[in-house]
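# Analysis of the macromolecular model
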Amino acid sequence: MLSLHYLLLNILMLLGLGAVIAFCHFVLKPFQTHWAIVRARKIVAGNGWTDDWRSRNVYRMLATARNDLEAAKLWHQLDAMRQSEGKRQPS
């Protein structure tokens, strides 16, 4: 009887873990992508690429966004801004 309870507990824990992973994948990831798109629009409109953690985070999120044409377009614009900024400053 103890092994049956243990088995049911493990099944419930695995289902809970699957629910958390699905929530992160289907809810949080699109929300993060939307946030990155909004932030990238502000960076491109202001024409001010800064090499701080927030800009690098937006750049990374747009680079990993799937099936989003606007994210890809903004990533290319940010990449061009980042490369032009790198050419102006000596490394």
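Just above, that's the structure.
This write-up is about the structure you can find in this document. (Residues numbered from 1 in each chain as written. Predicted model: local features only at pLDDT ≥ 70, side-chain atom pairs only at ≥ 80, totals over all residues. Heavy atoms only, no water.)

### Notes on the packing of helix α1 (residues 2–46) against helix α2 (residues 53–63)
Remark: α1 packs on α2, axes separated minimally by 9 Å, with the N-to-C direction vectors making an angle of 120°. In terms of orientation, α1 lies oblique with respect to α2. The element α1 and its partner α2 pack so that their crossing is left-handed. Residue-level contacts link Gln32, Trp35, Ala36, Ile37, Arg39, Ala40 and Ile43 of α1 to Arg54, Ser55, Val58, Met61 and Leu62 of α2. Taken together, the residues of the contact of α1 with α2 sort by class into eight nonpolar, two polar and two charged. (Axes fitted to C-alpha atoms, helices over the stretch in contact; angles between N-to-C directions. Helix = DSSP H or I, 4+ residues; strand = E, 2+ residues; numbered from the N terminus. Parallel < 35°, antiparallel > 145°, perpendicular 65-115°, else oblique. Left-handed = near helix turned anticlockwise from the far one by under 90°. Contact = heavy atoms within 4.5 Å. Nonpolar A, V, L, I, M, F, W, Y, C, P; charged D, E, K, R; others polar.)

### Side note on a nonpolar patch on the surface
Together, Met1, Leu4, Leu7, Leu8, Ile11, Leu12 and Leu15 make up a nonpolar patch on the protein surface, roughly 740 Å² of accessible area in all. With respect to the helices and strands, the residue leucine 15 is situated in helix α1. Here leucine 15 falls in the exposed class, since its relative accessible area comes to 58%. (Patch = residues over 30% accessible without salt bridge, like charges linked within 9 Å, V, L, I, M, F, W, Y side chains within 5 Å. Areas by Shrake-Rupley, 256 points an atom, 1.4 Å probe, with all protein chains shown as cover. Salt bridge = Lys/Arg side-chain N within 4 Å of Asp/Glu carboxyl O. Buried < 20%, exposed > 50% of the residue type's maximum accessible area, 1.4 Å probe, protein only.)

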